[in-house]
Each structure stands twice: as structure tokens, then as C-alpha cells.
Amino acid sequence: MAAAHQSYWRLANLGIPPHPQRYQALLDESEPFQLVLKILEGLPFRASLLEGVANVQCQLRLSLFDTTYSHFFGRTWKSSPQPIKHTHGQPAKVSFNQAVYFHISLNCTHIAIIVEVVAIAKKHEGNEQILSCGFGILQLPNRQKLASEADKSKKVKRLNLYHGTPRALLHPVSEDSTERSKFMTLIEGSAVFYTLLTHPPLMEVRHLIPENLLISGSDTIPGLAASTGQTSDALRKPNLLKTVTCFLDKLSLQLYPTVEKFEEELVELLNADRLLKNDQITDGSTVVIQERRLHVGVHNGLCYVQKPQVVVLIPATMQRKSGAISKNLLKKSLILRSRIQLTEMVKHEFFGILFHLEYVFHTSTGLRKVSSMSLENTAYMQTLRWAVWNPFLGPNSNSDITVSLHGGPSPNPCNLLVYKTPSTEMSSDEVKQVESGTITFHFSCRADRHLSTSPEQPANTPDKKPQLSSSSLWKTSDSSGPQHGTGEALQRGSIIYMDSNAVLNAQTLEQLHELPFTSMQAPIMAMGTEVGGTTTVTSRASLAQMQAFGFPEIRDDKNELAVVIDSEKLPSMNLRMEEEDHLQCNEIILQFLAYSRVPRESDHPRSVYFTLQFYRFPPVTTQQLQLVKMKKKGPKSSMHFILVPLNKNGIGNIDSPGLELKFMVEPSLMKDGEQRWFMQYLALQTLQIDVWDAESLLLIGTASVDLKHLLRHGLSAVQVSHELEVVNTDYAPDVPMSISDFTNHGAVKPYGVTTVIKGRLHLRLGNVGHRSEQRVKRPFPTLQSKIISAHDNTSKFYGGSLTTLTVGNVNGYKVYRAQRLVDLDGELASVLFSRARINSVGQMQSDSDGEIIRKRKLSRMIAVRQQESGTDLPSKSHILAKREERIQHERDLQVIEAYREQLKAQSINKMLSLAITTQFTLYSTLGNAEFFEFTLKNPYSVQHTVTVECEHPELSVIVNSREWKYFKNLSKVQTPLEEDMFHIDGGVQFPQIYLRPKETVYIPFKYQTFSVDHSVAPQGPSDGGLARKNLTNREQPHTPKKIEVYFKIEDKKPIAILHVSVEAQPYVIDQTFRFYHPELTFLKKSIRLPPFQFLTDMKVKESQAEFQIYVRCTDLNVICNIKKMAPNEPQDIFLKVACGPTPEIKKFFVLIYMDPWLAMPIQVWQFYVQSLQRVDVNCVVGQLAQLSLVLRGTQSARKVAAYTSDPEEIQITPSDVFTLPPHVVKDLHLRIRPQIEGERCIYLNVVDVDFRQLVASWLVCLTCKQPTICKAFEISISVEEGKGINKRINYTNPYPTKRLYFLRTNRADLLLFKEDSFELEGGETYHIGLRFAPVLNTGEEEILVFINDQAENNEETYCVKVTYQ
């Protein structure tokens, strides 16, 4: 063992344990603390005490103290000496700014930290003079107080100091060790300023730090990585070093001269000591060795990293198979017959494997049968030897190791008394190393690639298993034998008994190597990777039918029809032409015309509504639209339904069909350069429209339409018609990646994702150009405003009174109208107008402010009229009333004067702060990093260290020079860049900067917010109609966010103040995902990103293959990450979402970046995860399965109806509208007859039909098995003829009695039965008539015919393979 390591743990183990009584009330978990010592203000000693000395410095020393038992414990922590700073006219100050950490499991009610102030002065001779100047008592708060004062604990607190030294707390006269003691004298004008907070990150590394140990982040903590940032505080955000798994095989321990003689001498000494203690010569008993234990653990110099393992050693002479061990060595050895595995080893010079040998003794009376009670009273332990070894200090540790054992009174890491060692005064150095004993073992390790060695097999072990020792059942708390401080050893570890079969178990618990990452889920395709389009061309016949209904036309400002654009042609994109267009205002029009259902989908909705979000506009939920069938029937393949809006009463007007939405994009309300962003949005973005069933509130599907046809290319107005496929996507349970069908790069066809076309939406889009209003509501920031100066017009004070109105409105007018102080200050007005008057009966009656003002005006009006009319002088009572009023006015003036004097200092401070205050308005968008620089100047003629204080977590100072340079280049700011500009080491809370006299620097700031509203609007259409059919990109009313930044020098005086007003701007949603998942489970999904050209409009170069994708989620409870893949490999985003109880809908956003500093997201994805009650059903295709669901009533009676997403397979009883009484349980009966094999999910909603609100929701998960095929048939049908064919199949009743049978099929659209049921006598044969419908396409289909009994149980299943040719 290296000398540095020994001196380190010797120093670390000098701590004093707590009072023994404290161990009886330990907490379940230790509490972590962070104590930040900031400033010592006012010297606690006279200057005359240190006359004749120079370089006087102050030091703080901290110690833990138990006020109940007057007991110091732990170890005294000493800060680094700091110089004293003298300022003329102010008390002397000493800045420490050091953070101290500790964790404690004791009850903190009577635990305090004693803060001692020590002055250190150097004499002329070079010696140091240390003087204790005073101390303070910092009481630790308990858990209840910490929880109640969580916000107050962040404030800086003051600790008063007392005369004397902390040793006075141990004086017998000082019974009360708190501030209430009469012997403690306060030092006037001297205090220590500090903050005491809980520090949860410390819990991650508490296994590396002993309890009750005061330590700073700059101290050496083995096992903790050094801080990589600008600060040297490694405990502020601790980072653990990587662990290594170590194995110890063939372990043996040698005692000299032999084990037998060593133990014989040991027993004689212990027995003599026992008799001497009892003052006896002999008692017929003797000390017997019960067990030989070896404690093995990893020690970091401060404490055990984990509880040490305790194994049982046996003499080598008891080993049946000695192998190649010599007989002489057998007599000296204690061996271990199993492998030891240590998983917490770290490659550090202070880490080591600690061994200590412990024997278990008991007093034997010589009788064979000894009661368990007598054994319980005589068992005790004794530590004999110890050793410590670091496997990474030697040149090659992967071999057989021999380590010398230590004993005697020398210090050891366990702080235990150890048995003596033989005298080695006359021995050589070689003999000294082995005379106290040695331990030998084979060492191997593996964890990382730097130490990848295969562990060797353990030594041969005998077949005989060791018997369980009775000493494991003994109690050691009340042992009467000598313990010598070793009773604590059993509490730190548990005994492990291993046999020869335990080797296999140990190997299975080895650390596994992590393989290269391979996704085990089929990814969901993000937009841009889909193959083929979802838009089809509407037939001319359908266009003629829809035009006859009179849908509104799209016209320009000259009342001319908009130019029709062909949706099949790819439009040219010329953004320069769009920017130079004189019609800069764009009116985007969406017209929902009709809905066509798919022929196979018989469960078409009767009414629908739509949800969408266009550009930066708020989300839109339309009103309910009824599907009205066209009078003129078209082809069978196209069944068109006109969309008719319904009002609140559910009545629609067929004369005004369709729904029109208008979005007015006004450039005068945009930022600089946002007009180009909008044009890029139209050119590249796809608008998603969710189609919902207005009755069942189930999602029918999603339609996607490209917006690139809305680019006008210099035209006044354009329009385009689309027939969009409404696609419903169903995600099957997790499917292995290996069964997915990979196509080309960036595209994948997942096996577990099923898409079904539910219908087609007829949509007309238009863009009408208008001349922009050349007026701007407010100026938006430009590139030049990225630099904020404290000397511009934003910080000028224009005069006026010192009232709140003037202070709040800095940029007001230069001329102010005089106003009464009562009208400006509500608090003063309430004081003046709250006086009470005594009425005629002597009771107190208070009038309102308005009543008092009214009476005062009436009295003045009466006086004026009397004067004008020339009436007599007022009476005596009137004169007395006037005098009383004058006296009251004088009292009011006195109140006003006192109130002004009270607020004068505060108002003057506010006015003076305005001279150094700069106002700045910031326009922020979700996920965008807003960068700006503040010009800071030192106004003094001396140098100062300025602290930039900002408590808001979203506004931060950029301290990384690389990040600063990146944002400078991005914002095109040409200001100087400095390396290592800020000081953040030493546990400082805020960054500090050194300023020379009159120096000016630029402070970089970054504001970035991920706070967003996660609330979800109630599911269902809007009430009666759309709230706003004509939407404009005007700012939504909101309250700006106010942030204050203070630039303070050493004495906490500000030299500049920056007020940042943040106004949130709307954001663009690029794609929306909706998932339905069982409640109280985890949703795990993988989403594949499209290639870079689909994510952003920049040109893709070869160097972009090296770009790394970064993701950030707005919900901290959602795990979102991305694995770094090889170049040209697809990128997948992995999500893990904890679903809540039903019917909770969780909403969050995922932002995707392509730069490490997260400057601007290239994609913003919106996610909805709805939690549903899960019902698992195992069934057979074609066979009826029944179950019931429990529906609980709400607080009021409702009219509800139950709906399902697949009514062909699930029938619900009751099927009509029924009343759900309040707080009543009602059963919903389900009849499930699946038609398809496999696993899938069906949704079931219970909806309030009056208010269109969701009452309950279920997720029915079906696991359908294929039935047993009894017979198989094969036929061919010609497609060209266009005619169906008739066939028949014979069926014989196998039962001797009369039976009723029902016929079912899984393809009702392809096969019809002549009769759906038939009845047969016993043994009778029936001819089943089949009618096969014609189809238009060639192919093969397997149609199943189910023959069920009267209870719908499947009797037989026939398979008919049909070939269409």
C-alpha cells in the first residue's frame, strides 16, 4: 500500500462518533445539506490585538455539536484563509463564498454547526499566530421545518457571533448550550452571512462520503469525477466514476508459525484476560474458537463504498483435496472455498480492497450439550489482522497477489482494536513482512475496455457442503465477554455462506457487457418517409354534383374567381417571387365540402368534426357537421355526403353547406424575416387534419394535405381541390425489429403498424392576396438589438413624483399633471377614509369612501349657495362643525406627512435605481434560444469583482466560450469574445467577472424556455359553432414574464440592473401523434426520423452525415432520447411515457435539434397519450365471446350511449341511449365475434349525448386464435365476366338429436349464405348454399365458413380458397 493512501485514510478517520444515545433514534434516510458561507461582515476582534503583525487573514472552522449532550462529533472543517477588505466608512468584510456539504441521519432538532472565526497572522519571524475571535451557533432544521420553509431557505441568512471560543460550550457552568445562555455575550456589528439548503444531488454519492463529515466540493473525494466545468465544486452536480468488477479466487490466509500454534496462544491470552477481569484463578471454563470470519470490502479512504462481504474461513487441514499445496503450507493456511465478487471498485489511487480477519469466540464449560441461552450470553468477536491493497497501483494486477497483514495498535480504516503482532525487533525486513501473516489470492477484473480480462475459473472445491454455523443465530448486543470495540463489525455486513454450487450463481451475477444498440421495436414513421401520396383526383361527375349544392366561391379583391391549380402537377417554388409580391397579406381559406365513405366500411359516421392547427395560430376545433347524402346517386364505389354545419340545437341548414375557415396572415404583425419563414412553411409543410366521429368521440382517422399549392407565384388568388384519404393507424403490441420489411435508406415498412382507409375528405384550399396594412402594432427586435447598452434611452429618468406610478412607468411623458397623493396611493387613501364618526345615539358608524366624498361635496355646495344668496352668517353650530372639520384636516395632513416620511427613503432608492436600470423586451418562442449581450461598464476608478445575479432558471449567462462563439456567429454579432471570462469555481452561486477601472465588457445571455401549456381541451366538437371562423395572426392577450438581473460588486451594491420583459410568441407544430394506451403502464415507442432534407430546408451536404440529432421534451416526466448511430444510418427517437389513470390525456412536445447548444428546433412534434382501462380478451375467430364491463355513474344523472370503433366485431347491450343515474353501477354487456386472427385493440367510449362529453373509455385488447379447419375447398372465379357464382357444401348433423345451427363468415362482403340458419334431425344432411360476390381485381382470398350451434359455439370451420383470375 502506498504511503499517500495510508496517510489519506489515517487523516480521514480522525472523526469523533456521535453520542451513543443518538443511535437509538436514527432516521430511515440521511438528509443532505449544502451550507454556503458567503461573507464575514465586521471583524470580531479589536485591531489592537494584532499590532505589529502583517498579512492578517480570517478563517472559518465548522464543527458539529450535539446541544442535548454537549458533545462535539465529526471532524472540524477549515476554510481557506481569506484576506480582510477595508472600505472607508464601512465595516471590514471577508469574502469566503465556499460551499460545505454533509449528510446526517440523526434527528437534527438538537444538532447545530458551530462556526468559529479564527484570525491568522504572520509574525516577523515567519511564524503564524492563530487567534480564536468568536463563534456562532447555526441550528440545523428538522425535516418538517425544511418542508415548510422550502422557499425561505434560499435567502441569505445572518449568523450572530459571540465572544470566546467554542470550548466554552463544554464548561460545566454552561448548562444551556444555546443563545439563551446568560454566559454568552453577543459581538456587536459582526456576523456571518450564509445559506443552508437541502442538496438532493448529494444522495447519489452519499456512499462515498461518511455521515457527519463536513466536506467541500474542492476536497479530494475518491470515486467522484472532477468537475469538468468552470467551477471546481465537484459536489454541486456530482458525477461518479465508472466502476470495475473484480474477482478474488483461491483466497488463503497464512498465520505464523502455524494456525494451530497461533490460535493456541490467542486462546490462552483471551482466557487469562477473562479470568483476570473476573478476579478468578480458574472456573472450569475456557475460551473456544467458534468461527473464523473474513470481512472483504471496497474502501475509498473515507468509508466503505458498500457493506463488506463476510465469508467463513476454514483451516486448510480440513480440506479433503489439497491439490498441489504442500503439507507445511497447509498447517499455516486458512482457506476460502468460494469466489468473492466486488462490483464497486474504481480505478483510483485511494480506492483499495480492505480485509480484516475476525474470530468469533464463546466460553465453553467442557460439556457436550450446552443450552442456547448460555451460548447467547458468552459469544463475542475480536479483530485479529487487517490489510488493504490497491489493484491498480502495481504494474500488472491480473495475477496471484500476496499482501502482508497488519495488527497491533496502529491506525486502521475500521477504527477497531486489533490483536497484537509478534515482536520483530531482531528480524530482517523480509521476515517483518510475513511474520504477522499474509493473505494470498488470484485477482482478475473486467468492466470496461481498458481492463477487459476474462475471469479465471475458481479453484476446485470439495463436494461436501459446510454446515450452517450456530453462531449466526447468536445475539451480540448483550454479550458479556470482552468485545474491544468490535461489536460494530457485524452491523456493517452480513455473513455469506457459500458452497461449491455457489460458484455458478456467482458467475450468473457478473456484470454483463453491453452490446451495440439494436432497436427491438418497429419504428413509427415520421412524416416524410411515407411512400406514395394520400391525395386522389376527384371525378368530374362528383365535382358537378358538389357544385350544384352551392358551396361558397373563392374570389380576390376584384371579385374575380381564384385561379384553379391542378393538384397533380408539382408547382415550382420561387421564394424570391413570393417575397417581392406586392400583395404581401395572405388570406388562407380552408373549405370542408364533403365526406366519402369506403364501400367496405358500413359503420360510417352520421356527423363529424375536425381538429387542426395551422402555422402559429391556436388549435382549431370545428363545430359538428352532419353528413347529408347527395340526392343524385353516383357510382357504387363513391358514396358522397355533403357536410352541413349544425347549430346548438342540432339543426342544420342544407342551403348553406360546407364549412369555411379563414386564416389572415398579416405581415405587419410578424417579426423581421418571418414572412420568408411563412413561405417556407407553405412550401415544405404538410397540414394534418384529424377527423372525429361527433357522436362517439372516436378518432376516425387523419388526413394530410400538402400546402405547397397555396404559393400564389404573383397571382392575386389561387385555389386547389383535394380528395384526401382519411387513414386510421393502429399500432399493434411491440413487434421485434427483425420481422420488419426494410426498403431503402430512411424508409421502413413496419410489421406491427396497420393502416386502414376509413373514408375520403373533399377539401378546397385557397390563398387570396391582399395589400398589407402598413402599420405596425409594436416594433419587433432586429439583429442590431442583440446588443443592449445601459446608456441608451431605455434607462433615463424623466422626472415626476416618487410615486409607484412614476417608478413603474419609466418611459412615460416628460410632463406630468399634478395629482393628489390620496388618488395615487390606495394604502394612504384607506387610512384617511377609514375613520369613524359617532352618530346621535353614541354608536360608531363608518361610512364608505364614496359616501364621505359625496357629503363633503354637498356641504361645499350649500356653502357656495348661501354665499351667493347673501343669507345670514352661519350659526354657532355651523361654526363648530367647521372648526371640527378643520381640526380633522390638520390630522389628515399630519398623517400624510408621516406617511411621506416613512416612504421617502424607499421612494428615493427606487428613483436612484432607475438611473442604472435598463429595460429590454424579448420575444420568445418555445424551444428557441434567444441570445443577446448586455454592455456592462465599471463606473468606479478602482477594480471590482461583479456578480451577475439572476434567479430565473430560463435566463442564464453563457459561461462557455464555445457556446458564446456559436451564438455570435448565428446572430452575426461583431463584439469581442474572451476565453475564461467568468469565475464560477469555489462553490459560487452566480458567475463573477473581474472589471478594471472604467472598463466596459459584453455579458452574453441566453433565454430559452420549454415551459408550455400541457392542458388538453375537452374532447368533442365546439358548442354550436366555431368560435372564430376568421382568424388573424394577432398576439394573444397574455401577461409578459418579468425577469430582473442585478450586477453587484463585493458589498452587494448594484452597478447596473437589467429588466427583461419576455413576451411569448406562438409556435409551429410540424407533426402530431396520438396514442391510446392502458392506464398506469408505460408507453414505449420508437419514431424514425426522415432524412435531413425532409426535416429542414437547408441543402444536404456530405458533411451532414456527421451531424448529431438532439432531442428535448417539454415534460420532465417523459423519457426521451436518441441513440448515436453510424453515418447514413436511420435515426430513431425513443419515448417512454408513464400513463396515468383513465381517462387522463397527457400532452407534451418533443423538440428536435441539429446543434449541441439547442439554438433552434428543426421540428416540433406534439404528442397526445390517452390512458384507457384495459380489458384483455382471449377468443377464437368466428366464435362468440361475452363479457361485462362496470360503468359507474357520475355526480348527476346523464343520458349516455356506448360506441365502439369496430361495431362489426363487438355488439354492446344496451345499444341505444340509456339513463345513467348518479353514483350507480351499471353493467355493459359485450358480445365479441372476431373476424381476423392476431392481436389488436378496439376502443369503446361512453358518451353523454346531451353535452357530447366523454364519460368513460376502455381499450379492449383482443388475442384471436385461428379455429381448427375441418375441411378445405378451392374454387376459381373469373374477374372479366363480372358475375358471381353459386356453390354448395354438404353438412351432416353428427348428433342423434335435433339441432339448430347458424352460419357465419369472416368476409361478409365476398360471401353470402342462402340461409343464415338451419335445423337438422340426428344424422340428417343439409346443403349449405354459398353465393360468391364478383370483384374487380385479381388475387387470392381465404374465406372461412363457421358453423355454430345455438349458443354460438363453433362446431366446425370450413376454409374456401378463392382464386380470382
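Conventions and cut-offs
- Residues numbered from 1 in each chain as written.
- Predicted model: local features only at pLDDT ≥ 70, side-chain atom pairs only at ≥ 80, totals over all residues.
- Heavy atoms only, no water.
- Pairing = 2+ DSSP bridges.
- Helix = DSSP H or I, 4+ residues; strand = E, 2+ residues; numbered from the N terminus.
- Axes fitted to C-alpha atoms, helices over the stretch in contact; angles between N-to-C directions.
- Buried < 20%, exposed > 50% of the residue type's maximum accessible area, 1.4 Å probe, protein only.
- Core = buried A, V, L, I, M, F, W, Y, C linked by side-chain atoms within 4.5 Å.
- Contact = heavy atoms within 4.5 Å.
- Phe/Tyr/Trp six-rings, centres within 6.5 Å; stacked < 30°, edge-to-face > 60°.
- Polar contact = N/O pair within 3.5 Å; in protein donor to acceptor, adjacent residues only side chain to side chain.
- pLDDT = per-residue confidence, 0-100.
- Patch = residues over 30% accessible without salt bridge, like charges linked within 9 Å, V, L, I, M, F, W, Y side chains within 5 Å.
- Areas by Shrake-Rupley, 256 points an atom, 1.4 Å probe, with all protein chains shown as cover.
- Salt bridge = Lys/Arg side-chain N within 4 Å of Asp/Glu carboxyl O.
- Lys, Arg positive; Asp, Glu negative; His and termini not counted.
- Charge placed at Lys NZ, Arg CZ, Asp CG, Glu CD.

This part covers the sheet that holds strand β60 (residues 1225-1232). If you trace the three strands from one edge of the open sheet to the other, you get β56-β60-β58, paired in antiparallel fashion. Looking at which strands have only one partner, the edges of the open sheet turn out to be β56 (1185-1192) and β58 (1210-1213). Strand-to-strand twist in this sheet, taken as the mean axis angle between neighbours without regard to direction, amounts to 25°. In this structure, β56 lies alongside β60, joined through eight bridges in antiparallel fashion. If you follow Val1190 over to β60, its bridge partner there is Asp1227.

This paragraph deals with the pairing of strand β57 (residues 1198-1204). Summarising burial for β57: six of the seven residues are buried, a large majority. Looking at chain direction, β57 and strand β59 (residues 1218-1220) are connected through three bridges and run antiparallel. Paired with Val1200 across the two strands is Phe1218, which belongs to β59. Sheet topology places β57 next to strand β61 (residues 1238-1248); five bridges connect them, and they run antiparallel.

Core analysis: the largest hydrophobic core is formed by 57 residues, its most contacted members being Phe355 and Phe441. If sequence neighbours within four positions are ignored, Phe441 has contacts with Leu248, Asp249, Lys250, Leu251, Phe355, Trp389, Ser399, Asp400, Ile401 and Val403. Ranked by size, the runner-up nonpolar core spans 42 residues in total, among them Leu627, Phe678, Tyr681 and Leu710.

All chains considered together, the criterion is met by 36 aromatic pairs. With 5.0 Å between their ring centres and 70° between their planes, Tyr615 and Phe678 make a pair best called edge-to-face. With Tyr615 in the loop between β26 (607-612) and β27 (620-621) and Phe678 in helix α11 (residues 674-684), this residue pair connects regions lying 63 residues apart in the sequence. Measuring from ring centre to ring centre gives 5.9 Å for Phe1273 and Tyr1358, while their planes differ by 70°; the resulting arrangement is edge-to-face.

Here we take up the side chain of His770. Summarising the element assignment, His770 is placed in strand β36 (residues 753-770). A polar side-chain atom of His770 sits 2.6 Å from a polar atom in the side chain of Glu587.

Further remarks concern the confidence of the model for the protein. The share of residues in the protein with pLDDT of 70 or more is 73%, and the mean pLDDT across the chain is 76. This model gives residues 836-846 a pLDDT under 50, and the stretch forms eleven contacts once residues within four places in sequence are excluded. When the criterion is pLDDT under 50, residues 1096-1105 qualifies, and its contacts beyond four places in sequence or with other chains add up to eleven contacts.

Let us now look at a negative patch on the surface. Together, Glu260, Glu264, Glu265 and Glu268 give the surface a local cluster of negative charge. The topology assignment puts Glu260 in helix α3 (residues 259-277). You can call Glu260 exposed: its relative accessible area is 62%.

Attention shifts here to the sheet that holds strand β42 (residues 944-949). Strand pairing in a sheet relies on backbone hydrogen bonds, with the paired strands running either antiparallel or parallel. On the basis of which strands lie adjacent, the open sheet formed by five strands has the order β40-β48-β47-β42-β44 and mixed pairing. Strands at the two margins of the open sheet, each flanked by one partner only, are β40 (917-924) and β44 (992-995). Averaged over neighbouring strand pairs, the angle between their axes works out to 25° when direction is ignored. Pairing analysis gives three bridges linking β42 to strand β47 (residues 1041-1048), with the strands arranged antiparallel. Bridged to Val948 within β47 is Phe1047.

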